[in-house]
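Geometric and topological summary
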Amino acid sequence: MVKNYKCPDCGATLEYDPQSEKMHCAYCDNNYEPSEIGRQALSGAFDLCPEDARDSAREKPKLRMNIAVCNSCGGELAVSDVEVSSFCPYCGNASVVMDRVEERLAPDYVIPFKVTKEEAESTIRKYLKSGFCVPKDIRNFEVERLHGIYIPFWLYDIYYGSEQKWKCKISTGKYTSVPAYAYTLGDSVYQKLTVDASRGFLDDSSQRLEPYDMSELEPFNAAYLSGFYSDRYDVGYKEAEKTAIARAQDMFERSIGGLAKVPVESELMKETPVQKVIRREYAFLPVWFLTFRHNDVPYTILMNGQTKKMVGAVPTNKKKAIFLFSVLALALGTLFAFLGAFIAKFLWDVTKPERLEGKESISMYLALGLFAVLSIGFLLRNALAAYSSMKTSVELSRSRANYRLAKERQEKT
Amino acid sequence: MMFFMIVFTVLGGVAGVCLALYIVMTKIKYSNDIGGSRGDINDFGYIEVLSTVSQLNEEGLSKVSANEGGYSRLRSRCNKIESILVSRDRSEHK
């Protein structure tokens, strides 16, 4: 069954408005609290992942379409296996697939959209327009799709602690060291650690949209979905739990060494972890998906629908980048070459008295040469790191998975 | 002198080109990469160092490990934190 939320005054379909945080009627311009319109009587209790959803989560997702009937116009609405809300292709009304919300697959919480469609588009446009190396046709991109989608997430409260034994070295002289050991004991607590429960949404993308402000979590009310798309989970909680614990472990291990002042270049010999999932919940979190095409390649820019955090990258205007590099390389190369020659002459003059006494004085040259080589290494490493990071981000933006998640939706007419 | 002058001139030139490459790559990254980095531990919770000792020998390591009683201490903290979170959740739902 598909439900449209109706305006009590004029009977038109209501949609959730992120700006006013109320249900808005576009016809009579009235606003209503979501709770007035019909809170879904959900227990909020989390049930075990039902067998059918767990089994289907293991399979490669097949986008079979189901037909639902719009209760506004009687039109047939094609929804995938996971869609919870969409739009009727005939009357354009926002529609919520109630049997996917009323049963045990309902979320416990939702963070309603805080960013409007117009704000999302204008913020992304503003950023891309100001980018120095952004190609011209991307600066003035034509929006192919801009969809607000509630993505299903599992939220975990996790305890992770570990006793660690490290092998390190203590320096006993200029060139000698002896083996030594270090001991650390620490723990960490995570609340509402997010793991995305949508197989079609790349984990790398969903993690980059973090963090959400969990103080704005609302008890679930299907009225918030009206006007947006949403999918129920197709990654079971047990599968997601492994990802959550792995993330907790990773964050702990990245932080504990520095905090405990473990010597650099220490090797972890043995670790005895204690880990526990204290609580798990299921929530819908808001994400804007903006897609456009450049040289016939689709790109998807994501925006956290609560905090406006953006995720995505666009290709570079190669000609501009090469021109900039050529000018800078010529200017800086010449400047530093003259500087190098000046320093060589300066050192030669400074060490003249020593040479007159018959003493060799190349140590200063060696030291400076080493400094120059290390600086070159540092600059090259960081330049490569920036390039590699950009490449990953562009590939994510070009990912067919995220594009498909936004594209395969019933369009609002 | 000529030798050192040539070496430092070349090193300086190479350093200048590498600096130019670094500036361009960084500029492209900030211009074209809209952003997005994973949340870290401070976004979801906190970490606490309960004990840290370094510069131990093998015997010292065993002694410290036995004294600290790491595993049982962590288990007890885990149970305590779990009961705090569960009772906080219950009182919020009332």
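How each quantity is defined
- Residues numbered from 1 in each chain as written.
- Chains lettered and ligands numbered in written order.
- Predicted model: local features only at pLDDT ≥ 70, side-chain atom pairs only at ≥ 80, totals over all residues.
- Heavy atoms only, no water.
- Contact = heavy atoms within 4.5 Å.
- Buried area = accessible area lost by both parts, 1.4 Å probe.
- Salt bridge = Lys/Arg side-chain N within 4 Å of Asp/Glu carboxyl O.
- Pairing = 2+ DSSP bridges.
- Helix = DSSP H or I, 4+ residues; strand = E, 2+ residues; numbered from the N terminus.
- Buried < 20%, exposed > 50% of the residue type's maximum accessible area, 1.4 Å probe, protein only.
- Phe/Tyr/Trp six-rings, centres within 6.5 Å; stacked < 30°, edge-to-face > 60°.
- Polar contact = N/O pair within 3.5 Å; in protein donor to acceptor, adjacent residues only side chain to side chain.
- Core = buried A, V, L, I, M, F, W, Y, C linked by side-chain atoms within 4.5 Å.
- Domains from an automatic or database assignment.
- pLDDT = per-residue confidence, 0-100.
- Expected span 1.5 Å × (residues − 1).
- Patch = residues over 30% accessible without salt bridge, like charges linked within 9 Å, V, L, I, M, F, W, Y side chains within 5 Å.
- Areas by Shrake-Rupley, 256 points an atom, 1.4 Å probe, with all protein chains shown as cover.

Of the residues lining the interface, 87 residues belong to chain A; the matching set on chain B comes to 69 residues. Summed over both sides, the interface between chain A and chain B buries roughly 7100 Å², with carbon and sulfur atoms accounting for 71% of that surface. There are 2 salt bridges connecting chain A and chain B. The shortest N-O distance in the salt bridge between E82 of chain B and K276 of chain A comes to 2.9 Å.

Another aspect to go through is the sheet that holds strand β3 (residues 22–25) of chain A. Residue and element names in this part refer to chain A. The antiparallel open sheet is built from 3 strands, whose spatial order is β2-β3-β4. The sheet is open, and its two edges are formed by β2 (14–17) and β4 (31–32), each paired on a single side. Bridging between β2 and β3 involves 4 bridges; their strand directions are antiparallel. Counted as the bridge partner of E15 is H24 from β3.

Next up on the list: the pattern of salt bridges. Per the stated rule, a full pass over the model turns up 22 salt bridges over all chains. Its salt-bridge partner being K192 of chain A, residue E281 of chain A comes within 3.0 Å of it at the nearest N-O pair. Here E281 of chain A, found in strand β14 (residues 267–294), pairs with K192 of chain A, found in strand β11 (residues 177–196); they are 89 residues apart in sequence, far enough to count as distant. The exposure classification of E281 of chain A matches that of K192 of chain A, with both residues buried. Its salt-bridge partner being D33 of chain B, residue K29 of chain B comes within 3.3 Å of it at the nearest N-O pair. Under the relative-accessibility criterion, D33 of chain B is labelled buried at 7%. Several salt bridges share partner residues, and in doing so they unite E144, R145, R293 and D296 of chain A into one network.

A word on the packing of aromatic side chains. Residues and elements named next belong to chain A. Evaluated as defined, the whole model comprises 22 aromatic pairs over all chains. When the centroid spacing of 5.8 Å and the interplanar angle of 90° are considered together, the rings of F220 and F284 count as edge-to-face. Of this pair, F220 sits in the loop between β12 (218–219) and β13 (229–231) while F284 sits in strand β14; the two residues are 64 residues apart in sequence, bridging distant segments of the chain. Each member of the pair, F220 together with F284, is buried. Through successive ring pairs, a cluster of aromatic residues spans Y16, F113, Y150, W154, F220, Y224, F228, Y233, Y237, Y282, F284 and W288.

Within the element layout of this structure, E210 of chain A appears in the loop between α5 (203–208) and β12. Take E210 of chain A: its relative accessible area is 1%, and that puts it in the buried class. For E210 of chain A, the side chain forms a polar contact with the side chain of R247 of chain A, separated by 2.7 Å. Discounting residues that sit within four places of it in the chain, E210 of chain A has contacts with T194, R247 and K309 of chain A together with S37, R38, G39 and F44 of chain B.

Looking now at the nonpolar core. All names here are of chain A. In terms of nonpolar packing, the biggest core is built from 72 residues, with Y150, Y156, I158 and Y190 touching the most fellow members. Residue contributions to this core peak at 8 residues, all from helix α6 (residues 237–259). Apart from residues no more than four positions distant in its own chain, Y156 is found in contact with Y190, Q191, K192, L193, V195, Y237, A240, E241, A244, V277, R279 and R280. The next biggest cluster of nonpolar side chains, apart from the first, holds 22 residues, and it includes I111, L209, L285 and L302.

The next point concerns the domain arrangement of chain B. Domain parsing of chain B yields domain 1 (1–32) and domain 2 (47–52 + 65–94). Between domain 1 of chain B and domain 2 of chain B, the C-alpha centre-to-centre distance is 52 Å.

This paragraph deals with the pairing of strand β10 (residues 145–171) of chain A. Residues and elements named next belong to chain A. Burial analysis of β10 places 23 of its 27 residues in the buried class, which makes it a mostly covered element. Summarising the sheet, β10 and β13 pair through 2 bridges and their orientation is parallel. Counted as the bridge partner of Y150 is S230 from β13. When β10 meets β11, the two strands line up antiparallel, connected through 18 bridges. Across the sheet, residue Y156 finds its bridge partner in β11, namely L193.

The subject of this paragraph is the confidence of the model for chain B. Residue and element names in this part refer to chain B. Of the residues in chain B, 95% reach a pLDDT of 70 or more, and the chain-wide mean stands at 85. Least confident of the elements in chain B is strand β1 (residues 33–35), whose mean pLDDT is 78; most confident is helix α1 (residues 2–32), at 90. Scoring the predicted complex yields pTM 0.80 and, for the interface, ipTM 0.82.

Turning our attention to helix α7 (residues 318–350) of chain A. A rise of 1.5 Å per residue sets the reference length of α7 of chain A, with its 33 residues, at 48 Å; its end C-alpha atoms lie 46 Å apart and thus fit the reference within 8%. Burial in α7 of chain A covers these residues: A321, L324, L328, A329, L332, G333, A337, G340, A341, A344 and L347 of chain A. Where α7 of chain A is buried, its residues touch α9 (363–397) of chain A together with α1 of chain B.

This part takes up a nonpolar patch on the surface. Residues and elements named next belong to chain A. Side chains of L339, F342, F346, V350 and M364 sit close together on the surface and give an oily, nonpolar patch of about 490 Å² of accessible area. Structurally, V350 is set in helix α7. We classify V350 as partly exposed; its relative accessible area is 41%.

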